[in-house]
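Here is what each chain is made of, one letter per residue.
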There are 2 protein chains.
Amino acid sequence: MLDDFSNVPSDCVMFNLRRAARMVSRRYEEALRPVGLRAGQFSILIALSQQPQVPLGALADGLGMERTTLTRNLRPMIRRGLLADSPDRNDARVRLLSLTDEGRALLKRASPLWQKAQEETFDRLPEALWPDTRQRLQALAG
Amino acid sequence: MLDDFSNVPSDCVMFNLRRAARMVSRRYEEALRPVGLRAGQFSILIALSQQPQVPLGALADGLGMERTTLTRNLRPMIRRGLLADSPDRNDARVRLLSLTDEGRALLKRASPLWQKAQEETFDRLPEALWPDTRQRLQALAG
DNA sequence: CCGGTAAATATGCATATGCACTTATCGAGT
DNA sequence: ACTCGATAAGTGCATATGCATATTTACCGG
């Protein structure tokens, strides 16, 4: 008998997650285009807005991202002046990251654009389902 | 008053989707490493296993991916001999894609590895929740 | 047949992703 | 102080992602 993979595309968790992430990211990036932020860059700004100084590794963990990936994702943002980094005085290995004033200002401008994308997203998935859905995504990511 | 973005990381659909996609993809790629397939490559093989000949654009639509992205993702797979492409006899613009015998054989070897990754995934998200979760992801991707 | 518009795909550029490996630093035990 | 294992971060390589733009082909109205 022939191999039948016909159920795999819809069953595969990885495939469905990646496709949804691609499609949703494109919509958020379209919304954020006026401020010139990519989807991942917006996430980094948000993550850094929570704390004054964050070690690179801790930030990568929070984003569920390889340290080496984050290292490179930071570059265009630092070049643009949105982020600053400084060595930890107590541990010279650690690179502490922080938002600049410019980064904070841009985040403020980006916020309503994000809000709009978020609302458009909830036109597709009823917002009441989101807390539950988020929890499932976090379980998958954990 | 200061801007407070403290709710954004957990609320942002885009962020949660991307993070989950990253983490889950890494686990599938680890499982698929013995056959040397990346997560997206496995998805392409599966998608092509459904039909004998698929136009590039139609495949891209099915994957929720830009045609230009797919164009390049195909390259290493064609170079490796997993896929073949030929022009459509009725429309010289169209590139028809198909699995090679080697591609089909590799998919067969990859299948149990995928199955294992899938099962590990369901250790994190109860499988009973998957049909519903999949539907939500498809709504987000649509 | 010709000209113009639409469609399918490819290219240039920039960012994103992570593994294997390397470098620098820390801290504990001697 | 010294060595050594552990930890934080960076590099080289390869694939992934998509927008703006270019190229080729199709099709339709004249």
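Going by the structure above, here's the rest.
So, a few notes on the structure that sits alongside this text. Everything quoted here is computed from the prediction, not taken from an experiment. (Residues numbered from 1 in each chain as written. Chains lettered and ligands numbered in written order. Predicted model: local features only at pLDDT ≥ 70, side-chain atom pairs only at ≥ 80, totals over all residues. Heavy atoms only, no water.)

For DNA strand D, the set of nearby residues contains 26 residues, the closest of which are Gly57, Thr71, Arg72, Arg93 and Arg95 of chain A. Of all atoms in DNA strand D that approach within 4 Å of the protein, 69% are sugar or phosphate atoms. Between DNA strand D and Arg22 of chain A there is a distance of 3.0 Å, counted from a phosphate oxygen to a side-chain nitrogen or oxygen. One of the side-chain nitrogen or oxygen atoms of Arg72 of chain A is found 2.4 Å away from a base oxygen of DNA strand D. When residues of the surface near DNA strand D are traced back to their parent elements, those giving at least two are helix 2 (13–32), helix 4 (56–63), helix 5 (67–79) and strand 3 (91–99) of chain A together with helix 5 (67–79) and strand 3 (91–99) of chain B. (Near = heavy atom within 4 Å. Polar contact = N/O pair within 3.5 Å; in protein donor to acceptor, adjacent residues only side chain to side chain. Helix = DSSP H or I, 4+ residues; strand = E, 2+ residues; numbered from the N terminus.)

So, about the packing of helix 2 (residues 13–32) of chain B against helix 6 (residues 101–121) of chain B. All names here are of chain B. One way to put it is that helix 2 packs onto helix 6 with a least axis distance of 8 Å and a crossing angle of 145°. The chirality of how helix 2 crosses helix 6 is right-handed. Only Ala110, Leu113, Trp114, Ala117, Gln118 and Thr121 of helix 6 make contact with helix 2, whose side of the interface consists of Tyr28, Ala31 and Leu32. Residue composition of the contact of helix 2 with helix 6, grouped by class: seven nonpolar, two polar and no charged. (Axes fitted to C-alpha atoms, helices over the stretch in contact; angles between N-to-C directions. Left-handed = near helix turned anticlockwise from the far one by under 90°. Contact = heavy atoms within 4.5 Å. Nonpolar A, V, L, I, M, F, W, Y, C, P; charged D, E, K, R; others polar.)

When you tally the buried positions in helix 3 (residues 39–48) of chain B, you get eight out of ten residues, the bulk of the element. Listed as buried for helix 3 of chain B are Ala39, Gln41, Phe42, Ser43, Ile44, Leu45, Ile46 and Leu48 of chain B. (Buried < 20%, exposed > 50% of the residue type's maximum accessible area, 1.4 Å probe, protein only.)

What follows covers the sheet that holds strand 1 (residues 54–55) of chain B. All names here are of chain B. Taken in spatial order, the three strands of this open sheet run 1-3-2, and their pairing is antiparallel. Pairing within the sheet leaves two strands with one partner each, and these edge strands are strand 1 and strand 2 (83–88). Relative to strand 3, strand 1 runs antiparallel, the two being bridged by two bridges. The residue of strand 3 that forms the bridge with Val54 is Leu97. Across the sheet, helix 3 lies against strand 1, strand 2 and strand 3, angled at about 105° from strand 3, the strand it touches most. (Pairing = 2+ DSSP bridges.)

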